[in-house]
Amino acid sequence: MSDEPISRQEFLKQGFQSLLSNLLEHLPGMNGPSTETDSLRPPGAVLAQQFLSTCEPFCQLCQDACPKQAIHFDVLGYPVIEPEVSPCVMCVDVPCTKVCPTGALQPLTDPRQIAMGKARIELTVCSAYTGSGCHVCYDSCPLIDEAIQLVEGLPQINMDHCTGCGVCVYDCPTPGSIMVYAG
């Protein structure tokens, strides 16, 4: 530990981060970004613990840079993507990643580098698997024939290419048929 005095701002920031870290460790369901579809971090996000310690809550630069306004804030002020509300549309130049002053979002040069999560089709709910022949998720996927493929008329997620953008969730006509999980 240094003998150098720290600024009031740095003192408050460290205190807030310590409090937040303690809360996240002890509150049920709050141990970092959850695996629920409403807790995806934006494109280019560093790993969860590093993200929480480097992101400046309510900064808004990434949100302002998003042309589709897909970035929202959780209750603690951290940016998230909520696929059911507004998915990441995988902009060609990924502008949200280029404005982060803290390094919480790393710059990306290609939308295929996005790794927010992975989609999973719930086979017992999905209309394609229960008989209606739907393939809306396939048709709307920004990486059509890469992230979602049709195999014998049924949509299948290719985990090697799925970015977790959530467009499939947003466009799906049957709620709960497809989910995106962080990571």
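Overview of the structure.

The rules we used
- Residues numbered from 1 in each chain as written.
- Predicted model: local features only at pLDDT ≥ 70, side-chain atom pairs only at ≥ 80, totals over all residues.
- Heavy atoms only, no water.
- Helix = DSSP H or I, 4+ residues; strand = E, 2+ residues; numbered from the N terminus.
- Contact = heavy atoms within 4.5 Å.
- Areas by Shrake-Rupley, 256 points an atom, 1.4 Å probe, with all protein chains shown as cover.
- Pairing = 2+ DSSP bridges.
- Buried < 20%, exposed > 50% of the residue type's maximum accessible area, 1.4 Å probe, protein only.
- Salt bridge = Lys/Arg side-chain N within 4 Å of Asp/Glu carboxyl O.
- Polar contact = N/O pair within 3.5 Å; in protein donor to acceptor, adjacent residues only side chain to side chain.

### Some thoughts on the overall build of the protein
Along the backbone of the protein there are 6 helices and 6 strands. Listed N to C, the secondary structure of the protein is α-α-α-β-β-β-α-α-β-β-α-β in terms of helices and strands. For the protein, the proportion of contacts with a sequence separation of at least 24, taken over those separated by at least 6, is 60%. Of the roughly 10300 Å² that the protein leaves accessible, carbon and sulfur atoms contribute 55%.

### Topic: the pairing of strand β4 (residues 148-151)
Strand direction decides the pairing type here: β4 and strand β5 (residues 154-157), joined by 4 bridges, are antiparallel. The residue of β5 that forms the bridge with Gln 149 is Gln 156. Where β4 folds back on β5, the antiparallel hairpin that results is connected by 2 residues, among which Glu 152 adopts a positive phi of roughly 55°.

### Description of the environment of Ser 127
Along the chain, the position of Ser 127 falls in helix α4 (residues 127-130). You can call Ser 127 buried: its relative accessible area is 16%. Separated by 45 residues in the primary sequence, Ser 127 and Cys 172 have C-alpha atoms spaced 9.5 Å apart. Not counting the four nearest positions on each side in its chain, Ser 127 is found in contact with Ser 132, Gly 133, Cys 134, Thr 174 and Ser 177.

### Brief notes about the pattern of salt bridges
Two side chains that carry opposite charge are able to pair once their charged atoms sit near each other. In this structure the tally under the stated criterion is 2 salt bridges. In this structure, Glu 146 engages Arg 112 in a salt bridge whose closest nitrogen and oxygen atoms are separated by 2.7 Å. Here Glu 146 is found in the loop between α5 (136-140) and β4, whereas its partner Arg 112 is found in the loop between β2 (79-81) and β3 (117-121), with 34 residues between them in sequence. Owing to a relative accessible area of 24%, Glu 146 belongs among the partly exposed residues under this scheme. Owing to a relative accessible area of 48%, Arg 112 belongs among the partly exposed residues under this scheme. The salt bridge involving Arg 120 is made with Glu 122; its shortest N-O contact spans 2.8 Å.

### Structural notes on unusual backbone geometry
The backbone of Phe 58 sits at a positive phi, close to 60°, despite the residue not being glycine. Relative to the helices and strands, Phe 58 resides in the loop between α2 (48-54) and α3 (61-65).

### Let's talk about the side chain of Ser 140
By the secondary structure assignment, Ser 140 is in helix α5. Of the polar contacts made by the side chain of Ser 140, one reaches the backbone oxygen of Cys 137; its length is 3.4 Å. Among the polar contacts made by the side chain of Ser 140, one reaches the side chain of Asp 171 at a distance of 3.3 Å. Here Ser 140 is in contact with Val 167, Cys 168 and Asp 171, once residues within four sequence places are set aside.

### Description of the pairing of β3
Taking every second residue as pointing to the same face, the buried face of β3 carries Gly 117, Ala 119 and Ile 121, while none of Lys 118 and Arg 120 on the other face is buried. Looking at chain direction, β3 and strand β6 (residues 178-182) are connected through 5 bridges and run antiparallel. Residue Ala 119 lies in a different strand from β6, and its bridge partner there is Val 180.

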